[in-house]
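The primary structure of each chain is shown beneath.
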Amino acid sequence: MAITTDDYPFMAQALRLAERGRYTTMPNPRVGCVLVKNGAVVAEGWHIRAGEGHAEVNALAAAGNNAQGVTAYVTLEPCSHTGKTGPCSHALVDAGISRVVYAMEDPNPLVAGRGLDYLREHNVQVDGPLLEDDARALNPGFVKRMERKLPFVRCKMGMSLDGRTAMASGESQWVTGKKARGDVQRLRARSCAIISGIDSILLDNSSLTVRIDELEMPDAEQAAAKQPLRVVLDSNVRLSRKAKILTQETPILVVHNGSADADKLTGWPDHVEFIALPANDGRVNLGALLSELAKRQCNEVLVETGATLAANFLRRGLVDELIIYMAPKLLGSSARPLFDLPLVSMSSALPLKISDMRAVGTDWRITAVPDTEY
């Protein structure tokens, strides 16, 4: 049996289900499953959070005795290994599933086609991939971490209509409006880590946490339950022991260049960890940082920082996606620029592709990606 037009709406439904785990599944991928028999949906499920049932297991539990002979539409190849839960490919065979339609193969080397092979070996019809691009887009961080051992890097910036982020004095609250700030909270909630530089922390005294009251979404409490790792790039350990970021006792990773005096690294709260990474010209090597975060199972990371560090990520080709909030204000020519990029010719410009633009309250949100084909 091959893919038919009848398969598309059921896979689209499975993708919508997977999307419901956007804020809760990390470090696992977001996965949805729909069980269908004779053209009717028997049951559905999605992966809710790491350590709990996978999408297929949840769908099979909902189907009960009705799972025999159904077609399972799964957004990711059913796993074949035992982690915190058992292998889903085995569960599907044991339940008597007759056909599996998958959106994409699992990029995890522990699976990588083995789940599909197991199904075929046990006389389950396997068809796919189907809507593969949509499935990959659903899990950009997980896919990149598995394929390249790096997290997906999203850089968030806020600016005025004339491309400024703060007054010359550093005053910046608030360039954008309430709706945009709520949107940023949702970006934080879907991220495994938030990266900022010490200068931004000292200037803004920010906490870098997900604030439930600003999420403005259903299940806000669940979305904020697992706070992202807060990463502060602080080459010479200038972080104040009275900084606001220390008040919430969720993990903080302070990254330095190894040259700090030992007394600067002691006497901190238990939720603060210090690590030294290789340096470039005294600054933390950003590639080494991202490799470290991937080892810590970070899928998506959000860069929330000032013009200098953001530009360093861009210049080194480490940004996968830019999200820029543009406010209907003019801050003037003496205000601070969006990126510290002292470019002198058009040939040195960094080309981007705008993938989305939409209103967020009184502001506009622009989503762009580096144009590698320019």
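Residues numbered from 1 in each chain as written. Predicted model: local features only at pLDDT ≥ 70, side-chain atom pairs only at ≥ 80, totals over all residues. Heavy atoms only, no water.

- An unreviewed UniProt entry lists the protein chain under the name Riboflavin biosynthesis protein RibD, with Cellvibrio zantedeschiae given as the organism.
- In its Function (unreviewed entry) section, UniProt records this for the protein chain: "Converts 2,5-diamino-6-(ribosylamino)-4(3h)-pyrimidinone 5'-phosphate into 5-amino-6-(ribosylamino)-2,4(1h,3h)-pyrimidinedione 5'-phosphate." (UniProt positions renumbered as here; feature names shortened; annotations may be inferred.)

### Comments concerning the packing of aromatic side chains
Now for step 1: Counted under the stated rule, the structure contains 2 aromatic pairs.
Now for step 2: Seen from their ring centres, Phe10 and Tyr73 are 5.3 Å apart, and the 35° between their planes marks the pair as tilted. Taken together, the residues Phe10 in helix α1 (residues 7-19) and Tyr73 in strand β3 (residues 71-74) connect sequence positions 63 residues apart. Exposure class is identical for Phe10 and Tyr73. Each is buried. (Phe/Tyr/Trp six-rings, centres within 6.5 Å; stacked < 30°, edge-to-face > 60°. Helix = DSSP H or I, 4+ residues; strand = E, 2+ residues; numbered from the N terminus. Buried < 20%, exposed > 50% of the residue type's maximum accessible area, 1.4 Å probe, protein only.)

### Observations concerning the sheet that holds strand β8 (residues 193-197)
Now for step 1: Taken in spatial order, the 9 strands of this open sheet run β11-β10-β9-β8-β14-β6-β15-β18-β17, and their pairing is mixed. Only two strands of the sheet have a single neighbouring strand rather than two, namely β11 (272-276) and β17 (352-360). Going across the sheet, the axis of each strand differs from the next one's by a mean of 20°, ignoring polarity.
Now for step 2: Of the strands in this sheet, β6 (152-160), β8, β14 (300-304), β15 (321-327), β17 and β18 (363-370) are in contact with helix α7 (residues 178-189), which crosses β15 at around 165°. (Pairing = 2+ DSSP bridges. Axes fitted to C-alpha atoms, helices over the stretch in contact; angles between N-to-C directions. Contact = heavy atoms within 4.5 Å.)

### A closer look at helix α2 (residues 55-63)
Now for step 1: If you check which residues of α2 are buried, you get Ala55, Glu56, Ala59, Leu60 and Ala63. Down the axis of α2, the buried side of the element spans an arc of 130°, and every buried residue falls inside it. Within α2, the exposed residues directed more than 90 degrees away from the buried face are Ala61 and Ala62.
Now for step 2: Where the residues of α2 are buried, they touch β1 (32-37), β2 (40-46), β3 and α3 (88-94). (Arc of directions from axis to C-beta.)

### Considering the pattern of salt bridges
Now for step 1: By the definition in use, this model includes 23 salt bridges.
Now for step 2: In this structure, Asp127 and Arg99 form a salt bridge, with 2.8 Å as the shortest nitrogen-oxygen distance. Linking Asp127 in strand β5 (residues 125-127) with Arg99 in strand β4 (residues 99-102), this pair joins segments that are 28 residues apart in sequence. Like Asp127, the residue Arg99 is buried in the burial classification.
Now for step 3: Close ionic contact of Arg365 with Asp356 constitutes a salt bridge, the shortest N to O distance being 3.9 Å.
Now for step 4: Classification of Asp356 by relative accessible area gives partly exposed; the value is 23%.
Now for step 5: Through salt bridges with shared partners, a single ionic network connects Arg30, Arg154, Arg190, Glu300 and Glu321. (Salt bridge = Lys/Arg side-chain N within 4 Å of Asp/Glu carboxyl O.)

### Here we look at the pairing of β18
Now for step 1: Relative to β18, β15 runs antiparallel, the two sharing 5 bridges. Counted as the bridge partner of Leu322 is Ala368 from β18.
Now for step 2: Two elements, β17 and β18, share 8 bridges in a ladder whose sense is antiparallel. Within the sheet, the bridge partner assigned to Lys353 lies in β18 and is Val369.

### Brief notes about the environment of Thr250
Now for step 1: Tracing the sequence through the fold places Thr250 in the loop between β9 (229-233) and β10 (252-256).
Now for step 2: Look at Thr250 and you get buried, because its relative accessible area is 16%.
Now for step 3: Note: C-alpha distance between Thr250 and Lys226 (24 residues apart in sequence) is 9.0 Å.
Now for step 4: Residues in contact with Thr250, not counting those within four places in the same chain, are Gln227, Arg230 and His271.

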